[in-house]
Amino acid sequence: LHARASMFVVLLLQLTKTAAFSQRPYSNIKQSALQAASAIADVSDGWLSPQQIKTLRKEIDDRRRRKRLAYKRLHDGELAGDFDQATVDAADAALASSEFFEAGGPEKLNVKAWPAVAFALAESCDAMVVQLKKKCVLYRPLPPGTPGA
């Protein structure tokens, strides 16, 4: 029993020694995450490349899975493009803090009219539509230098 305990301690010391003197910088950050950050970095012209859209959609799916994507269901009166001030305020607050906001329509949604509603909401919030299905996801990049940007 004593020999096993001492072998365990030696093994633990060797692991901490190699972890402490690792030669790879950013070893705990995946290279794909670093590439994704550089892919999203330049959206100042309001145009997103296909790779940037793909990266953003992965981030949206990840936030949706972790339940960290702000969401609001629009009611029937807002489908004409006249959005409640509460809806616009909720979208602005979510876009300012986490870059993303998801809006969904009512149950009986006219699928052909939904893109016009989504783009009108994006225009009222000064954001871009990144994902458009039965729900739309708006994206407004955080300014450089802010936490999370």
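The shown structure was predicted, so the numbers you read here are calculated from the model rather than taken from an experiment.

### Section: unusual backbone geometry
Turning to step 1, where the next piece is worked out: One non-glycine residue, E99, lies in the positive phi region at around 75 degrees.
Turning to step 2, where the next piece is worked out: On the secondary structure map, E99 appears in the loop between helix 4 (85–98) and strand 2 (100–104).
Turning to step 3, where the next piece is worked out: A residue is classified by how much of its surface remains accessible, and E99, at 11% relative accessible area, is buried.
Turning to step 4, where the next piece is worked out: With a phi close to 55 degrees, D126 is a non-glycine residue in the positive phi region.
Turning to step 5, where the next piece is worked out: Topologically, D126 is positioned in the loop between helix 5 (114–125) and strand 3 (128–132).

### Points about helix 5
Turning to step 1, where the next piece is worked out: Here helix 5 is twelve residues long and its end C-alpha atoms lie 17 Å apart, about the 16 Å a rise of 1.5 Å per residue gives.
Turning to step 2, where the next piece is worked out: Inspection of helix 5 places W114, V117, A118, L121, A122 and C125 among the buried residues, and these make up the whole buried set. When helix 5 is viewed along its axis, its buried side chains cluster within an angular range of 135 degrees and face the same direction. In helix 5, the exposed positions that point more than 90 degrees away from the buried face belong to A116 and E123.

### Focus: the side chain of T87
Turning to step 1, where the next piece is worked out: You can see T87 is positioned in helix 4.
Turning to step 2, where the next piece is worked out: Classification of T87 as buried rests on a relative accessible area of 0%.
Turning to step 3, where the next piece is worked out: Within the local environment of T87, its side chain forms a polar contact with the side chain of E78, the two groups lying 2.6 Å apart.
Turning to step 4, where the next piece is worked out: If we ignore the near neighbours within four places in the chain, the residues touching T87 are K72, L74, E78 and L121.

### As for the state of the cysteines
Turning to step 1, where the next piece is worked out: A full pass over the atoms with the stated rule returns zero disulfides.
Turning to step 2, where the next piece is worked out: Counting only cysteine sulfurs, C136 is the nearest neighbor of C125, a cysteine outside any disulfide, at a range of 9.3 Å.

### What to know about the environment of L95
Turning to step 1, where the next piece is worked out: Mapped onto the fold, L95 is located in helix 4.
Turning to step 2, where the next piece is worked out: With 46 residues separating them in the primary sequence, L95 and P141 have C-alpha atoms 8.0 Å apart.
Turning to step 3, where the next piece is worked out: Setting aside residues no more than four positions away along its own chain, L95 makes contact with F100, F101, C125, A127, L138, Y139, R140 and L142.

### Concerning the pairing of strand 3
Turning to step 1, where the next piece is worked out: Strand 3 sits mainly inside the fold: four of its five residues count as buried.
Turning to step 2, where the next piece is worked out: Alignment of strand 3 against strand 4 (residues 135–139), held across four bridges, turns out to be antiparallel. Counterpart to L132 in the pairing with strand 4 is C136.
Turning to step 3, where the next piece is worked out: From the end of strand 3 to the start of strand 4, which pair antiparallel, there are two residues.

Rules behind the numbers
- Residues numbered from 1 in each chain as written.
- Predicted model: local features only at pLDDT ≥ 70, side-chain atom pairs only at ≥ 80, totals over all residues.
- Heavy atoms only, no water.
- Helix = DSSP H or I, 4+ residues; strand = E, 2+ residues; numbered from the N terminus.
- Buried < 20%, exposed > 50% of the residue type's maximum accessible area, 1.4 Å probe, protein only.
- Expected span 1.5 Å × (residues − 1).
- Arc of directions from axis to C-beta.
- Polar contact = N/O pair within 3.5 Å; in protein donor to acceptor, adjacent residues only side chain to side chain.
- Contact = heavy atoms within 4.5 Å.
- Disulfide = S-S within 2.5 Å.
- Pairing = 2+ DSSP bridges.

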